[in-house]
Amino acid sequence: MKMSGYEICKKVILRLGYSGKQEEYSTIRILEFINQILTDLNIKTIESLEEKIVADTKTLDAVCCGTAMLFALSESDGEKNALFTSLYNAKRSAILAKASSVSDVLPIAEGEV
């Protein structure tokens, strides 16, 4: 699935209930939020909001939640920030869990075999 930065921006503003204000928000700031989340999810960042992000539906949903989390924080909207932080962390964990595995390794003391 593909989604542009503008599409993510529209979804974020709608989910936060900030609709009607879209033209008031800095596209540079929104692009920075999207790229912070893309970096966190190990996805290639975008140069502009016109650029498409190629990922599965669950990953794109996580990008929207993470961007909403940062956007709400920048607007000093603590209640919505807390909600989207919780959603993003759950979605992020699920995505990163399938991306790599973590092995439990017990340390070996020096001199032991």
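Residues numbered from 1 in each chain as written. Predicted model: local features only at pLDDT ≥ 70, side-chain atom pairs only at ≥ 80, totals over all residues. Heavy atoms only, no water.

1. Concerning unusual backbone geometry
Phi angles above zero are rare outside glycine, and N42 is one such case at about 60 degrees. Within the fold, N42 resides in the loop between α2 (27-40) and β2 (52-54). Given the relative accessible area of 65%, N42 is considered exposed. Positive phi is not limited to glycine here, since S76 has a value of about 55 degrees. (Helix = DSSP H or I, 4+ residues; strand = E, 2+ residues; numbered from the N terminus. Buried < 20%, exposed > 50% of the residue type's maximum accessible area, 1.4 Å probe, protein only.)

2. So, the environment of S4
Tracing the sequence through the fold places S4 in strand β1 (residues 2-4). Judged by relative accessible area, S4 falls into the buried class, the value being 8%. Each C-alpha atom, one on S4 and one on V54, is 8.8 Å from the other, the two residues being 50 residues apart in sequence. Once residues lying within four places of it in the same chain are set aside, the contact partners of S4 are L49, E50, E51 and K52. (Contact = heavy atoms within 4.5 Å.)

3. Examining the packing of aromatic side chains
Tallied over the full model, the rule gives two aromatic pairs. Considering the side-chain rings of Y18 and F71, the 5.9 Å spacing of their centres and the 45 degrees angle between planes classify their relative orientation as tilted. Of this pair, Y18 sits in the loop between α1 (5-16) and α2 while F71 sits in helix α3 (residues 57-74); the two residues are 53 residues apart in sequence, bridging distant segments of the chain. Between F33 and F71, the ring centres sit 6.1 Å apart and the planes meet at 75 degrees, which makes this aromatic pair edge-to-face. Of the two residues, F33 is situated in helix α2 and F71 in helix α3; the sequence distance between them amounts to 38 residues. An aromatic cluster of at least three residues, connected via ring pairs, comprises Y18, F33 and F71. (Phe/Tyr/Trp six-rings, centres within 6.5 Å; stacked < 30°, edge-to-face > 60°.)

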